[in-house]
Amino acid sequence: MKNKARFLAYPYIVWMVIFIVVPLLLVLFYSLTEGNINNPSSLSFSLKNYKRVFDVMYLNVIWKSFKLAIISTLFCLFLGYPVALIISTIKARYKNIVLLFFLVPIWMNFLLRTYAWMSILSPNGFLNRVLALIGLPPLNIMPGQTAVVLGMIYNFLPFMVLPIYTVLSKIDKNVLEAAMDLGANKFVTFLKVILPLSVPGIVSGITMVFMPAVSTFVISQLLGGGKELLIGNLIEQQFTVQRDWHFGSALSIILMFMILISMAIMSKVEKEDDNGGAPRW
Amino acid sequence: MSKKIIELVNVTKRYNGVTAVNNINLYIRENEFITLLGPSGCGKTTTLRMIGGFEDPDEGDILFDGVRINDVPPYKRNINTVFQRYALFTHMNVYENIAFGLRIKKVPKDEIDRRIKRMLKLVDLEGFENRHVDSLSGGQQQRVAIARALVNEPKVLLLDEPLGALDLKLRKEMQIELMDMQKNVGITFIYVTHDQEEALTMSDTVVVMNNGVIQQVGTPVDIYNEPVNRFVADFIGESNIIEGVMIEDYVVEFSGRKFKCLDKGFGHNEPVDVVIRPEDIDITEPEKGLIQGVVTSVVFKGVHYEMMVEGGGFEYMIQSTDMAPVGANVGLTFNPEDIHVMKRGS
Amino acid sequence: MVKFLRRFYLTLIFIFLYAPILVLIVYSFNESKSRGYWGGFTLKWYVELFRDRDIIKALYYTFLIALLSSIISTFIGTFSAIGLHNMGLVPKKIALNINYLPVLNPDIVTGIALMTLFVSVNMRLGFLTMLISHTVFNIPYVILSVLPKLKQMDKNMTEAALDLGATPSYALRKVIIPQIMPGVITGFLIAFTLSIDDFVISFFTTGSGVTNLSILVYSMAKRGVKPSINALTTLMLLTVVILLLLINKRTTKGDELIP
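Keep in mind it's a predicted model, so treat the numbers as computed, not measured.

(A) Structural context of helix 12 (residues 231–240) of chain A. Counting buried positions along helix 12 of chain A gives 8 out of 10 residues, so the element sits mostly inside the fold. Within helix 12 of chain A, the full set of buried residues consists of A:Ile231, A:Gly232, A:Asn233, A:Leu234, A:Ile235, A:Glu236, A:Gln238 and A:Phe239.

Here it is in structure tokens:
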């Protein structure tokens, strides 16, 4: 009996070519050309766009994006791992409610959350008001890098906690009991058993935080006041204000490859660790 | 002589360069209980699936009632299957599972009700209509699977190791039930198993397979008493297989002496394999035995003792209610009709 | 002692997570527009919320696009997953890798790429382009949800259906789809959530007056915010909490909470 079910996928394959492959190829094409995009015949092959990226000014932007993203990811990791650990040890009855309320912020609109943070950190926002009440000088956090990092941590913390929690909650209790049976106290059990077993979750979490963090432009725009340019902002500008689609495309391609390479590295780390793992969701 | 309902002619099936079924020829008679028997990987399940229509033969023809059905999809064959792990529709209850095939055929509702009631009675699950499949035990699920297949009144029922997942006692009960069912319903059963005892108990005809090739086809008694080669002799029951020489008709030599036997038709002084079943050998005093030996091990098995005796250049296995302790000198006796001679082979 | 530390830390984190939202909620009742001081309790911002054309329009488009794109993507995604599941090893791998590109790529790259496509074929940016774009990034998540369920399904079940006389399409309708339904529903919910929340991709692929909530808040945040947004935040929080509580009640088996 021939399996004809595979034909069901063919329409989608056409769709994918049109809406996934072709657009990316177009971006690649624009990145490798220069000239007026409205006049196709004026386009000529050029590596100029990529060369521009190596200008110190732009390298700084790329570096800053990575720096802030790494800082945020690390903060999320060190703040979030204990959260995941604590939630996984809560009694079953309360666990669901706690998880539920932990999830509520994610379900709220991402922009509203960033905006909320703005109203706390802005020069005459809530934080400074409170400080003024106590008699302390106002903090000039926003706009600035610190505000951006805070915004990133705020938005992405749950995405670090969830994968780690998922992995932790699947650890067989018997394994922990075996460790203690063999003489390990709680600290040693954590270090030698729980932590290594939770690595897939950590890798997931890092991926789910780093990727949006390095490519964001909203957080840096709103909390950085347009002065803290990250790759995302740079790209956005090329397409909206500057109208230099060629340069913007080159930047996009570079961003895309940076992300894909980081993810390839991450999945190598994960594979060496074992576990033909279940999907991260 | 009932007619041939299914015929396999020169059927071959390959997977990834491995030949799973190698040029087999087989016919199946109407209303018989026939079992394909063999170890894992021998091709029995593949053969069954080709009959059911889930695999296509690479070469050869499958005939149903004389008509070639190679290109007929499973849903158009008048054959139904009971799968190894039941494959019940877990999103439906018992009634809906059994009704599935009938609904497709647009059988009217009261007829469906009637047939299902009758089927549930046959498989001893009366009153189970609304039960959810997940809430049933393995044995009950098995019976629903059988009911679901039989209710469509196929001409042939295929059963792919259906009792494998049941515990021993339940398995033995179901074996009897299936045999009765087959007689009651009066259709052809094609059964697949690796359990030779099961095959011998239930079948009218046994087809022994190995490495994609049919080794022997016969009644359980024939297969047991007259295996045609070493593989069959070894696979079916316990056996002692001794290398010997056929001196002439009715005379065979092994373990250092000549024996009278009932086999003939071999060449003079032809090398042969000799089969003697452990339960056919008796223990007696050394002087009274045909072969002398020493007992090397004794195991109590409940129904009998299983003893290994070294003698005549061979380690014989004996199953007997008599016992001799380890180290004892004993004599082995058996009758000419217990000696079975086969062509020497692998 | 350890227990206290644990609870303390967790509470701190929760304060961190909810503080900004709670501040907004407080402000939503504040008579004074200024974030500076308290001018008195009022519900006027809620009233203004419902009268604000821009906000209502944005909400309308947000939900419309989310609903349409999740329905379309669930449909296409489910059938495509079944097709992919039955494909040969190599073509399947290639197709799946391409399929997951919108998931792996940062939003901005996907958004830019789609915008480039639309502009290159001289398609006007607006409702249709936004809908298409949402569908593009929704379908992979549906496939991601449905494919594991297909793998889990007993292969014999489909064969049993065929054996009993079902044509392949009958078996699809009556056996396969019911079996994978949990994955289909999850996929739909994920798609819906992602759509409601999307900003970047919508930003680049919409035009001619079609905005969604995220874009609206973004432009307001840059220019100067209307206090009715605070009211919106409060209502949103309420809705989300109620929804999640309802979902939690239904899944008494508990741990499908994580999307």
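Text resumes after the structure shown.
(B) Expanded view of the confidence of the model for chain C. Residue and element names in this part refer to chain C. On average, residues of chain C score 87 in pLDDT, and 95% of them are at 70 or above. Here helix 12 (residues 228–250) is the element of chain C with the lowest mean pLDDT, 83, and helix 7 (residues 127–152) is the one with the highest, 94. Across residues 254–259 the pLDDT falls below 50, and counting only partners more than four positions away or on other chains, this stretch makes 13 contacts in the model. With pTM at 0.82, the complex prediction returns an ipTM value of 0.84.

(C) Examining the interface of chain C and chain A more closely. Facing the 62 residues of chain C at the interface are 66 residues of chain A. Here the side of chain C that touches chain A is built from residues that sort into 45 nonpolar, 13 polar and 4 charged.

(D) Examining the sheet that holds strand 8 (residues 188–193) of chain B more closely. Residues and elements named next belong to chain B. An order of 6-7-8-3-9-10 is seen for the 6 strands of this open sheet, with the pairing classed as mixed. In the strand order of this sheet, the two ends are held by strand 6 (79–82) and strand 10 (213–218), each with one partner. This sheet shows a mean twist of 20 degrees between the axes of neighbouring strands, independent of strand direction.

(E) Broad picture of the domain arrangement of chain C. When cut into domains, chain C gives domain 1 (23–28 + 42–52 + 226–259) and domain 2 (56–215). On a C-alpha basis, the centres of domain 1 of chain C and domain 2 of chain C stand 27 Å from each other.

(F) Just the pairing of strand 8 of chain B, in detail. Residues and elements named next belong to chain B. Among the 6 residues of strand 8, 6 are classified as buried, and the element is accordingly described as predominantly covered. Side chains of strand 8 alternate between two faces, with Thr188, Ile190 and Val192 and Phe189, Tyr191 and Thr193 buried alike. Summarising the sheet, strand 3 (residues 33–37) and strand 8 pair through 5 bridges and their orientation is parallel. Within the sheet, the bridge partner assigned to Phe33 lies in strand 8 and is Phe189.

(G) Broad picture of unusual backbone geometry. Residues and elements named next belong to chain B. Despite not being glycine, Asn10 has its phi angle at roughly 50 degrees, a positive value. Examined against the element boundaries, Asn10 turns out to sit in strand 1 (residues 4–15). Look at Asn23: it is not a glycine, yet its phi comes out positive at around 50 degrees. For Asn23, the position within the fold is in strand 2 (residues 18–29).

(H) Here's a closer look at the sheet that holds strand 2 of chain B. All names here are of chain B. Strand order in the open sheet made by the 4 strands is 2-1-4-5, with antiparallel pairing throughout. Where the open sheet ends on each side, the last strands, each with one partner, are strand 2 and strand 5 (67–68). Two elements, strand 1 and strand 4 (residues 59–64), share 5 bridges in a ladder whose sense is antiparallel. Bridge pairing in strand 4 places Ile6 opposite Phe64.

(I) Structural context of the confidence of the model for chain A. Averaged over every residue, the pLDDT of chain A is 84; residues scoring 70 or more account for 95%. Predicted confidence for residues 274–281 of chain A stays below pLDDT 50, and this span has 8 contacts to residues more than four positions away or in other chains.

(J) Up close: the interface of chain B and chain C. Chain B puts 17 residues into the contact, and the matching count from chain C is 15 residues. Looking at the side of chain B that touches chain C, the elements that each hand over two or more residues are strand 6 and helix 2 (94–104) of chain B. Ranked by residue count, the leading element in the side of chain B that touches chain C is helix 2 of chain B, at 3 residues. Taken together, the residues that form the side of chain B that touches chain C break down as 8 nonpolar, 6 polar and 3 charged.

(K) Representation of the pairing of strand 16 (residues 291–300) of chain B in the model. Residue and element names in this part refer to chain B. Taken together, the 4 bridges between strand 16 and strand 19 (residues 329–333) define a ladder with antiparallel strand orientation. Paired with Ile291 across the strands is Leu332, a residue of strand 19. Relative to strand 17 (residues 305–311), strand 16 is paired through 6 bridges, and the arrangement is antiparallel. Counted as the bridge partner of Val295 is Val309 from strand 17. What sits between the antiparallel neighbours strand 16 and strand 17 is a turn of 4 residues, in which Gly302 has the positive phi angle 95 degrees.

Rules used throughout
Residues numbered from 1 in each chain as written. Chains lettered and ligands numbered in written order. Predicted model: local features only at pLDDT ≥ 70, side-chain atom pairs only at ≥ 80, totals over all residues. Buried ≥ 20, exposed ≤ 12 C-beta atoms within 10 Å, placed from the backbone. Helix = DSSP H or I, 4+ residues; strand = E, 2+ residues; numbered from the N terminus. pLDDT = per-residue confidence, 0-100. Contact = placed C-beta atoms within 7 Å. Nonpolar A, V, L, I, M, F, W, Y, C, P; charged D, E, K, R; others polar. Pairing = 2+ DSSP bridges. Axes fitted to C-alpha atoms, helices over the stretch in contact; angles between N-to-C directions. Domains from an automatic or database assignment.

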